[in-house]
Amino acid sequence: MENSEPDPSRQRNGVVGVLYGEFTDALNDRLRYSVSLTQSCLTVRRICASPGGAKMVFNLTDCVGCRAHRGPDDADVCAYFTAYFYPLQRRWVGSGVARQRVEQRFRVALVQDPLANLREAERWARCIRDASMLQAPRRDGVVYTQVRRPCRVMILVNPHSGRGQALQRFTAHVQGMLTEAVVPYTLVITEHQNHARELARKADLSRWDALVIMSGDGLLFEVINGLMEREDWQEAIRTPVGILPGGSGNALAASVHHYSQSPPAWNEELLLSCGFLLCKGLVGSMDLVSVHLASRQRLFSFLSLAWGFVADVDAESEKYRHVGAIRFLMGTLARLASLRVYRGRLAYLPATEAPKPPAGGTTAHPPTSSLCSSLLCRLLPDTPPNQNSFHNHNSTKQNRYTITNASNFAISNKTPETSSHEDSLLPGLEQPVPGSWTVVREEDFVLVLAIYQSHLAEDLWAAPGAMPDDGVIHLFYVTAGISRPALLRLFLAMEKGGHLACACPHLVYEKVRALRLEPVSPEGRITVDGETVEYGPVQAQIHPGLARIICG
C-alpha cells in the first residue's frame, strides 16, 4: 500500500493538514455542508446529490471573531458555532466595494451528548479565532507591535461631535462588532472641552491596554496632549490609541482606513472599516509633531498645522457643524468668495534622509499578534468546553461593556508635569534658524499647511505619499496670485489626491523635518489638528514613531 496522505474530505471532523467537518445549517437541518479550515481561509461547500456543490470561501483576514454556544432550548442536544466576517463586497447602491457583515452559523450534532457537541463547536470556534488573529490587513515592510493581555479598552465618546450622533452611531455600527470580536470595553462620555485631556493626564493607564476615540480629530488631540503632560509620559504615550470616526472631518480615521490599503470609504462605511481594524487590533507606530507657540506653550500634534485658507475654513465652518462633513465644502465656498492673503515668513529643514526611530521603539519581530489574542492557530482537538457556556445560548453577552459617566471616572492622584521630550532641531523662536534650513523670502501666502497624515478630511487626500510613521512633515504652501477657480480646482483634485498633478505654479510641496512660520499680517488664524491656537510665530519638529496607533 502506498504511504500517501489521506484525503481531508474523507476525514469527517478530523485534522489532516486542515480542520475538516460536516455540519448542518443552523436554521435548516436538511442542508448539510462540508467545512474546512486552513490557516488562511474557511471553505464551505454544500453537500448534495449532484457533484460540485456550491462553494464559498471566506478569507480569515476578514474575520473578526467566532463563538460557540448551545441552542435556546435546553432539550436541544446540538451545539452551534458562528463566525463573523466583514469582507469587501460590492455596494448595494453605487459602484465600488465596501466592508459588509457576513455571518456563518453551523449546527454541530455529532452525537446525543450535548457536552461532546459543545466541545467540538468550541474547538472549531477557537481554531477559527486563532487563525484569524494571524490574518489581518498589513502594509508591506511595517512592523506591528503587541499590547498587553488581556485586552482592556477605554472608548471615549464626545456626544456633541459632528452632528451630535456619535453615541448613536457607536451603538448602531460598532458595539455589535466589538461583541463579536470579544473586545471588552468601558464607554466614557466626555462632558466638556478638555475633559478627555484631563482623563488622559490623570487616568491609571495600568487599567487599559488601548484608548479609543469615537469623535472627530479634536478629541484625540486632547488625549495625545493629556498623555504627554504626564510624569510618566514616555510610557504613557506608548499606549495604543484607536480612532472611530464620529465627527465632521475625521481626517485620522480616513488616513487609517487608507493605510489599510482599502478602497475609499465615507460615512458609515468608514466607521465600519475603522471598527473592523480595531477588532483586528494591529498596532503600528505614529509620528507626533511638537509645536511651539510664541507664548512658550508647547503642544503635540498628530495631524496638521495650518495657517491661512485651510485654518480659516476649519474654524469658520464650525457654524455649519449641524450639516456634518459638508460643512467644509460650505466653508470653502464662503472663503473663496472673499479670498484673503497673508503676509509672512516661512523657513524649514528639508528631509534629506529617513530619520531613525527613537530608542526603545518597535522591534523587528514577525507580526503574529493582535489586540485581543496571542494564541497561535494550532488546530488542536479535544479541549474541555467552557462549562459556563453550556446554558448560555447568547454567549456574546460575555463581552460586557460599561457606560461610565466621565465625572465619576476613577483617576489617579498623581500631579502631572510637562513632558520634556527634546526638540533638538529647533532653536529658540527669538533666534535665527540654522544655516541648514531653507528660508522662503517674505511674501504673501494664501495658505500654509503642514500635514503628517494622508488625509485632511474624509474626502481630502492631501498628502498622497504620507504614512503614519514616515518621519517627515509634508509641507504645502500656496502663494498669492492664484485665482479663485485655480484654488477651487486644487481642492477638487485633492479628493482623489491629484492636486500635485495640476501643475499649479503657486503650489509648493516639500518634505521637511522642522519648520518655522512667522506671520507678519496682524490678523489671522492658526490651527493645530483643527483646533485654533494662539496667533503668532510658531515652529514645529517631527518626532518619528513617538506614539502608537491601532491600524491595518
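Above this text sits the structure in question.
Residues numbered from 1 in each chain as written. Predicted model: local features only at pLDDT ≥ 70, side-chain atom pairs only at ≥ 80, totals over all residues. Heavy atoms only, no water.

Before going further, it helps to spend a moment on helix 7 (residues 267-280). Compared with the 20 Å implied by 1.5 Å per residue over 14 residues, the 20 Å span of helix 7 between its first and last C-alpha is a close match. Buried residues dominate helix 7, accounting for 11 of its 14 residues. Among the residues of helix 7, those classed as buried are Leu270, Leu271, Leu272, Ser273, Cys274, Gly275, Phe276, Leu277, Leu278, Cys279 and Lys280. (Helix = DSSP H or I, 4+ residues; strand = E, 2+ residues; numbered from the N terminus. Expected span 1.5 Å × (residues − 1). Buried < 20%, exposed > 50% of the residue type's maximum accessible area, 1.4 Å probe, protein only.)

Along the chain, the position of Leu492 falls in helix 10 (residues 484-494). Here the alpha-carbon distance between Leu492 and Leu460, two residues 32 residues apart in the chain, equals 8.5 Å.

Bringing the packing of helix 2 (residues 166-180) against helix 7 into the picture now. Contact pair helix 2 / helix 7: the axes reach a minimum separation of 10 Å and the direction vectors enclose 30°. Comparing their axes, helix 7 and helix 2 come out roughly parallel. For helix 2 against helix 7, the interelement crossing comes out right-handed. Facing Arg169, His173, Val174, Met177 and Leu178 of helix 2, the residues of helix 7 in contact are Asn267, Glu268, Leu271, Leu272, Gly275, Phe276, Leu278 and Cys279. Its residues assigned to classes, the contact of helix 2 with helix 7 comprises 8 nonpolar, 3 polar and 2 charged. (Axes fitted to C-alpha atoms, helices over the stretch in contact; angles between N-to-C directions. Parallel < 35°, antiparallel > 145°, perpendicular 65-115°, else oblique. Left-handed = near helix turned anticlockwise from the far one by under 90°. Contact = heavy atoms within 4.5 Å. Nonpolar A, V, L, I, M, F, W, Y, C, P; charged D, E, K, R; others polar.)

This next bit is on a nonpolar patch on the surface. On the surface, a cluster of nonpolar side chains totalling about 340 Å² of accessible area is made up of Ile326, Leu329, Met330 and Leu333. Relative to the helices and strands, Met330 resides in helix 9 (residues 327-337). (Patch = residues over 30% accessible without salt bridge, like charges linked within 9 Å, V, L, I, M, F, W, Y side chains within 5 Å. Areas by Shrake-Rupley, 256 points an atom, 1.4 Å probe, with all protein chains shown as cover. Salt bridge = Lys/Arg side-chain N within 4 Å of Asp/Glu carboxyl O.)

When you tally the buried positions in helix 6 (residues 251-259), you get 8 out of 9 residues, the bulk of the element. Here helix 6 has its buried residues at Ala251, Leu252, Ala253, Ala254, Ser255, Val256, His257 and Tyr259. The inward-facing, buried residues of helix 6 contact helix 4 (217-228), strand 14 (241-245), helix 7, strand 15 (283-293) and strand 25 (538-550). Among the residues trailing helix 6, Gln261 stands out with phi positive, at a value near 65°.

Let us look at the pattern of salt bridges. In the structure shown here, the tally under the stated rule is 20 salt bridges. A salt bridge links Arg197 to Glu229; the shortest N-O distance between them is 2.5 Å. A residue pair is termed long-range when its members are at least 10 positions apart, and Arg197 in helix 3 (residues 195-202) and Glu229 in the loop between helix 4 and helix 5 (233-236) qualify at 32 residues. For the pair Arg197 and Glu229, one class covers both residues: buried. Here Arg525 makes a salt bridge to Glu316, at a shortest N to O gap of 3.6 Å. In this pair, Arg525 sits in the loop between strand 22 (507-519) and strand 23 (526-528) while Glu316 sits in helix 8 (residues 309-316), placing the two residues 209 residues apart along the sequence. On the accessibility criterion, Glu316 (22% relative accessible area) is partly exposed. Residues joined by salt bridges that share partners form a network here, namely Asp312, Glu316, Arg335, Arg340 and Arg525.

Among the secondary structure elements, Leu349 is positioned in strand 18 (residues 342-350). Judged by relative accessible area, Leu349 falls into the buried class, the value being 12%. Among all residues touching Leu349, those that are not within four sequence positions of it are Leu425, Ser436, Trp437, Val512, Arg513 and Ala514.

Attention shifts here to the pairing of strand 20 (residues 438-451). Pairing between strand 17 (residues 304-308) and strand 20: 5 bridges, direction antiparallel. Looking at the pairing, Gly308 lines up with Leu447 of strand 20. (Pairing = 2+ DSSP bridges.)

With their axes 7 Å apart at the nearest point, helix 3 and helix 4 run at an angle of 30° to one another. Between helix 3 and helix 4, the crossing angle belongs to the class labelled roughly parallel. Between helix 3 and helix 4 lies a crossing whose hand is right-handed. Listed contacts from helix 4 to His195, Ala196, Arg197, Ala200 and Arg201 of helix 3 are Leu219, Glu222, Val223, Asn225, Gly226 and Leu227.

What follows deals with the side chain of Thr239. Within the secondary structure layout, Thr239 lies in the loop between helix 5 and strand 14. Among residues more than four places away in sequence, those in contact with Thr239 are Leu205, Asp209, Ala210, Leu211 and Arg548.

All right, on to the packing of aromatic side chains then. Across all of its chains, the model carries 13 aromatic pairs by this definition. Geometrically, the ring pair formed by Phe23 and Trp124 is edge-to-face, given 5.3 Å between the ring centres and 90° between the ring planes. A residue pair is termed long-range when its members are at least 10 positions apart, and Phe23 in strand 2 (residues 18-25) and Trp124 in helix 1 (residues 114-133) qualify at 101 residues. Across the pair, Trp124 and Phe23 agree in class, each one buried. Look at Phe81 and Phe106: their rings are 5.3 Å apart centre to centre, the planes differ by 35°, and that puts the pair in the tilted class. Of this pair, Phe81 sits in strand 7 (residues 79-85) while Phe106 sits in strand 10 (residues 102-108); the two residues are 25 residues apart in sequence, bridging distant segments of the chain. The burial state of Phe81 is the same as that of Phe106; both residues are buried. Ring pairing ties together the aromatic residues Phe23, Tyr33, Phe81, Phe106 and Trp124, which thus form one cluster. (Phe/Tyr/Trp six-rings, centres within 6.5 Å; stacked < 30°, edge-to-face > 60°.)

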